[in-house]
Structure formats: C-alpha cells, structure tokens
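Structure at a glance
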Amino acid sequence: MDKTKICSNRRNTIKTDLSLLLECLKFQMKCPDLQKQALLTIHSICEKREDNVDLLREMGGVAFVYNLSKSSIVHPDVKETALFTLGTLAEANVYCKNSLCKKETFADLADCLMKEDIPLKQKRLSVYLLLVLVANNKLGQTLAQTSGCLDILLNLFRATFPISTEATFRAANATQTYQLWTSVSSALCGCVNNPQNEEGQRICVAAFPVIKIWLQQLTFPQTEIFQPICTFIAMTVANNSCVQESFSACGGLETLALTLGHLASAADTSLLSCQLSVIISKTLSACITDNSSLASGLAQYGVVLHLFSLLASPHLDPEDRLPILLSLGYCTEASEKHQSQLIWCGGLPIIITLLTEDSSEEVRRAATFILQTCKKATMCSGVGDPIAKQAENVEAPKHIEEFRSSAREMLHRINLLEKRRDVEELQHTDMKNVIKAPVPFSRCAACVLPFEEVTSHNFESLQSSCHQSCDRHKVLREATERFRMHHCRLMFEKEHQDPAEAERYSTAEPQQTCKNWTGPSEGEVKVNNKNTLPEHRWRKHNGVTLVPLQRRARKTTFASHNRTDIEMGGRSGHNNNQLKIGIDHSSTKRKRKDFSCEEVGYLLSGVKTYGFSWNLILWSYPFQPGRTNVDLAKKYRRLMKCKAQDASRADS
C-alpha cells in the first residue's frame, strides 16, 4: 500500500513539473535561453522513461514541442533543441513515435533538409529525428520513400562526404560536415534495413558508383570514414541478390577485394590495418551471402589468402575471428579454387586448432563447416594451382608434406565425427520409435493406489480386493499364490514327520551352519541363555532363526580357542578346524597397499581437474591395481586433515 502511494505521489510530482515546463515554453517566447533550458529539462525527465513520455503526450506536450520545432518565429537554437527533444521522446516511447509518423512530419523534414540557408547543426538534428522515426519502423521507411526524404538523404550523402571534391561546404565547417555525413549514413541504413526494405535497397543502388570512387581515393586508412561506408554497403546488399549483382557490376566488389588485399598485407605490423581489414571482411561477407557466383569470382583476387593472413595476425581480436571464418566459409563453399588456396597456404592446421582449442561454440561450428567444405579438396592428390597474379607475391610453402599430412589427419577426424553423428542419430531414431510404439498395458485399481498408502503388509490384501487386475498384477498374484502353497506344504510336512527325524534334523542344522560361522561354546550358551531361543521354538522352526546366535562372541571365541590350543597342545581337533576356518576367512581380505608419491600426485591433480568425481579420477590416472573410488576419497580426506593440522601447528 505504501509503495502504491509513493508511486502515485511521484507521478503527480512529475506531472506537475512537466506542466510548469510547458507553461514556461508557452509564456517565455521572447526569452530563447529559458525556452532552451526548459526543453533540456524535459529531455532529462523523459529520457528512457516511457511513462513520463506518456504523461507529456497526454498533456499535449509532444504536439507543442513539434510545433515549436517547425515555427518560423522562434530562435534557431530553440528549434534545434526542440528537434533533439522530439528525437529523444520518439526513441523512448513507441506511441510517441507512431504519433509523429505522419506525412506532414516527413514533409516538414524534407523541406528543412532541402533548404541551403539552414545551419548544418539544424540539418543534422533533423536527420537524427528522421533516423529515429524510420528505425525498426516499416511505416516510417515507407513515408521516407514517398515523401522524398530518402532521395534527399542520398544527395546529402554524396555532397557531405568529408574528402569530396565538391565545394558545397567550406573547410571551416569540416567537423560539422563530417557529423552530418555520418548521421545521413546512419539514417540511410535505417531506411533500407531492420526491417529489410527491398524498395529502399533498390533506390540506394544509385550511390554505389560514387562509393566505388571513394574507396579508390582512400589512399591511407581512416576508420572514421571506412566504417560508415562499409556499414551502408552491408545494409544495402544484405539478403538481396539483385542489389548484390548491381554492386558487383559497378566494380564495387572488386574494389573491396583489392582494398582488403592492400590492408591485410600490413595487418601483421599495424593494428589500424587489422581493424579496417576486419570491417571490410564483414562487408564482403554480406556481399556474397547466398550468392555462389559472386563468391566464386573472388578467387582471382586471392581473398582466401588475405583472410588467412588476417586470421593469423597477432593484432586480431579473438571476437573478430567469427566474421573472418564466416567469410572463409562462404568462399570455400562456393568454389574449389578457394578450397585449394586455403590448403595451399597452410590454413588447415590453424582451422583445426580453432576447432579443438577455441572456447567459442560459434567459432568451432564455423571451423567445422570450413573443414567439411574442404573435404573433397583434401582427398585430391594435388593441392591446386596457386593464383596467377598473386603467386609472385605469395611465398610457396616449404613443407608441403606437413600440410598434406595435416589434411589427411583432418579428413580422418571428419570421418570419425560423421560416423559418431550417424550412430547418435540412429540411436535417437530407435529411441523415438520405441517411445512411439504402443504398449499393450491396461491399468487396474491397484495401479492407481497412492504410494503412501501401500506397504509390504497391506499390498497383498489391497491387490486381492480388486475385482479385475491388469496383466502385471495378475502375474504378481499368481506368484504369491504359488509361494504360499509351497510354504504351507513344507510346514505341513515338517509338523507331521517322525520326532526322531525332527530331532536329527534340528541337530544337523547347527552343524551345517557352523561351517560358515563359529557359534558359542556350551558354557557361553548357559551364561547367555537370555539371548537364545527356547528348545521348543528351536525345534519348531527346525533350527532356522532370523539372526545368527551370539554373533558378538565370535571374536572372543576365536581368541579363547586359540589360547586353549596353545596351552593344551591342540587337544581338540574341532577347535583346530575352527581356527583354520577363521584363518581362511581372514585371508580373503584385500591386502593393504600404501599410496605412493606418484599416486598422491595423481589424486591431487585429479581433484584439481575433475573435482570430487572419484570414479573419473580413478579411470583417468594409472593407480595401482585394486584401488577403488572409496580409497581415493578416504586418502584425500586424510591428506586434507593432515594439512589442516600442520597449518594450525604453524599458526600456533
């Protein structure tokens, strides 16, 4: 109750603050600084707070801020702040974004972007609002196309390129021009992807020729320029074969491949070149995904060799291995030339190392895919011819036999993995068939009895009370009846047999049992007569008891017989037999074997590796024959106890 009251008070407080800020915006039109501060305060209150944006929208604050952004009588700084605040509100609240996704809004943004006398900062904030409206919004993407905003963004993308030869923007505004260009690039990516918009991708094809020229003009690596260009290319060609073909037709794919070769050659010595090479490899992967013809054409540029050198670079971040492996997988899947190049440059050992040692599951899957695609190439006697143009710059491997042996080893591993997978699939299929097979079993009243109500004493009565029994319980009842009849027949025969024969049977039974254990002497029986059965009960049960008679006196009996034999010179042959029996029984015990230093080392190493899985430790190390998991557990407990005692002595 208190929490609800606190939330209600907080909501009322925020509502009051927003109302006062809106009043300040309305009645301080002649004071731009106060209006700007009020807008920034609204931004801080509503940033990433959907409920606060709802309060402002219910009060009409979103519409007022929008009217303020397109008003011609307010100060330019107030307009810029209003656009920034609108973008924040739309990004924080979906309903606010949908309320702003109208033809009027996109038309006003298009007019703002087309005017040349508008400051660059205001244009950049207009592009930011446009980006928020089209991001993850199919309606916004459609409105951007129909209103002409997409075409305007493409023109700005060409005109505001930082190293463009066009003198549209002066060098004095180079920083703002670059910021506007990156914002336009992000807005274009939002117009064509997430969700994918094929019509928007088709329109953006017009920018491919100029992008090719930009890539050729970049003689020195610049991450801040490469990143937006490559992101725009990847978003535009993603999952669209027609656009991929258009990019390749204008020479963009060839330029990317050559740029990758130029940067990958310096990846071993330059961290920046390595990072840019990873960015370009991601873009190449998007350009050839699900397009084997384009992937096959990259063989003439030695893309696989460059990707392999990049994979072996010491500056490569482990997180960037996956996109490089994916690019390699697309290439090797599409063409045998790529497979031959990978084998020729000695890439298989590194791929096998990643498969066996990398901690990422996705990286291991990508490495497995590459090895499977190269399986046919490893079966060939030759490794493939080197590339015609790149053979001069690539040093031939000196130990080709090592690469071939590693390829054969890899092929053997693949075959083992495939056999294991087939066996697992077969077992899984058999198990599914067994589970699906109908079981001819009908349930009866005894099957649904609660587990808590059934005991060994009442189960037979509960089962016999059922009028109809299932097949399982019918078998149990028949077995019970047979056992009862057999037991009654034996008891009847024993009660009606001759007394002399019964006496002989009763006296013969203890003699048979003494072969297995030594009973008490006559004197002990007289002393401990409380623990023995009466004579009539002994004869009634034919000498059979549920517990052995005087088992506690067993050790004492052995000791007394042994002492008597020593004193009397072994006068009693019966005692000698008993002594021999005791000796034979003790000889079957397992001989004690002390743990050697090597075994102690194995034990400690096993606990460090496998924890307290004693069976696993026992199987993993060469302990002495006869060791059990219980021996290992006891030995480790004694070692830890000794270690704790030594530590306590050292502290004291």
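Details of the structure are given in the entry above.
Overview of the structure. Here the structure is a predicted model, which is why all the values come from computation and not from measurement.

Another aspect to go through is the overall build of the protein chain. Helix and strand content of the protein chain: 35 helices and zero strands. Out of the 652 residues in the protein chain, the part that is buried amounts to 36%. Contacts spanning at least 24 positions in sequence make up 70% of the contacts within the protein chain whose residues lie at least 6 apart. For the protein chain, the exposed area adds up to about 39500 Å²; of that, 54% sits on carbon and sulfur atoms.

Turning our eyes to something else, we now look at the side chain of His306. Within the secondary structure, His306 sits in helix 19 (residues 303-311). Excluding residues that lie within four positions of it along the chain, His306 makes contacts with Leu260, Gly261, Ala264 and Tyr301.

Further remarks concern the pattern of salt bridges. Scanning the model with the defined rule gives eleven salt bridges in all. Among the ionic pairs, Glu199 bridges to Arg202, the shortest N-O distance being 2.2 Å. Highlighted residues: Glu199 and Arg202, both in helix 12 (residues 198-204), separated by three residues, approximately one helical turn. Between Glu599 and Arg627 there is a salt bridge; the shortest N-O distance is 3.1 Å. Of this pair, Glu599 sits in helix 33 (residues 597-610) while Arg627 sits in the loop between helix 34 (614-620) and helix 35 (629-651); the two residues are 28 residues apart in sequence, bridging distant segments of the chain. Here Glu599 matches Arg627 in class, with each residue buried. One continuous salt-bridge network, built from bridges that share partners, spans Glu361, Arg364 and Arg365.

Formed by 119 residues in total, the largest nonpolar core has its most connected members in Leu153, Leu188, Ile211, Ile229, Val303 and Leu325. With nine residues, helix 17 (residues 271-288) is the single largest residue contributor to this core. Every residue in contact with Ile211, bar those within four places of it in the chain, is listed here: Phe157, Ile229, Phe232 and Ile233.

For the rest of this paragraph, the subject is the side chain of Asn197. Note on placement: Asn197 falls in the loop between helix 11 (174-192) and helix 12. Residue Asn197 is classed as buried on the basis of its relative accessible area, which comes to 5%. Within polar-contact distance, the side chain of Asn197 engages the side chain of Gln145 at 2.9 Å. Aside from chain neighbours lying at most four places away, what touches Asn197 is Lys138, Gln141, Gln145, Cys191 and Val192.

Per the stated rule, a full pass over the model turns up 15 aromatic pairs. Relative to Trp214, the ring of Trp181 lies with its centre 6.3 Å away and its plane at 75°, an arrangement referred to as edge-to-face. Of the two residues, Trp181 sits in helix 11 while Trp214 sits in helix 13 (residues 208-217), which places them 33 residues apart along the sequence. Both residues of the pair, Trp181 and Trp214, belong to the buried class. Put simply, the rings of Phe157, Phe161, Tyr178, Trp181, Trp214 and Phe232 pair up and form one aromatic cluster. Above the plane of the ring of Phe64 lies Lys26, whose end atom (NZ or CZ) is 5.8 Å from the centre. Cation over ring: Arg627 sits above Phe595, and NZ or CZ is 3.9 Å from the ring centre.

Together, Tyr610, Leu616 and Trp619 line one region of the surface with nonpolar side chains, adding up to about 350 Å² of accessible area. Topologically, Leu616 is positioned in helix 34. Among the residues examined, Leu616 registers a relative accessible area of 36% and is labelled partly exposed.

Attention now goes to the packing of helix 11 against helix 14 (residues 223-237). Direction vectors running N to C along helix 11 and helix 14 enclose 15°, while the axes themselves pass 9 Å from each other. Between helix 11 and helix 14, the angle falls in the class roughly parallel. With respect to the hand of their crossing, helix 11 and helix 14 are arranged in left-handed fashion. Here helix 11 contributes Tyr178, Trp181, Thr182, Ser185, Leu188, Cys189 and Val192 to the contact with helix 14, which in turn contributes Glu224, Ile225, Pro228, Ile229, Thr231, Phe232, Met235 and Thr236. Looking at side-chain class alone, the contact of helix 11 with helix 14 contains ten nonpolar, four polar and one charged residues.

Closest axis-to-axis distance for the helix 13/helix 14 pair is 12 Å, and the angle between their directions is 145°. Pair helix 13 / helix 14 crosses with left-handed handedness. On the side of helix 13, the interface is formed by Phe208, Ile211, Trp214 and Leu215, while helix 14 contributes Phe226, Ile229, Phe232, Ile233, Thr236 and Val237. For the contact of helix 13 with helix 14, the class distribution of residues is nine nonpolar, one polar and no charged.

Cut-offs applied
Residues numbered from 1 in each chain as written. Predicted model: local features only at pLDDT ≥ 70, side-chain atom pairs only at ≥ 80, totals over all residues. Heavy atoms only, no water. Helix = DSSP H or I, 4+ residues; strand = E, 2+ residues; numbered from the N terminus. Buried < 20%, exposed > 50% of the residue type's maximum accessible area, 1.4 Å probe, protein only. Contact = heavy atoms within 4.5 Å. Areas by Shrake-Rupley, 256 points an atom, 1.4 Å probe, with all protein chains shown as cover. Salt bridge = Lys/Arg side-chain N within 4 Å of Asp/Glu carboxyl O. Core = buried A, V, L, I, M, F, W, Y, C linked by side-chain atoms within 4.5 Å. Polar contact = N/O pair within 3.5 Å; in protein donor to acceptor, adjacent residues only side chain to side chain. Phe/Tyr/Trp six-rings, centres within 6.5 Å; stacked < 30°, edge-to-face > 60°. Lys NZ or Arg CZ within 6 Å of the ring centre and 35° of its normal. Patch = residues over 30% accessible without salt bridge, like charges linked within 9 Å, V, L, I, M, F, W, Y side chains within 5 Å. Axes fitted to C-alpha atoms, helices over the stretch in contact; angles between N-to-C directions. Parallel < 35°, antiparallel > 145°, perpendicular 65-115°, else oblique. Left-handed = near helix turned anticlockwise from the far one by under 90°. Nonpolar A, V, L, I, M, F, W, Y, C, P; charged D, E, K, R; others polar.

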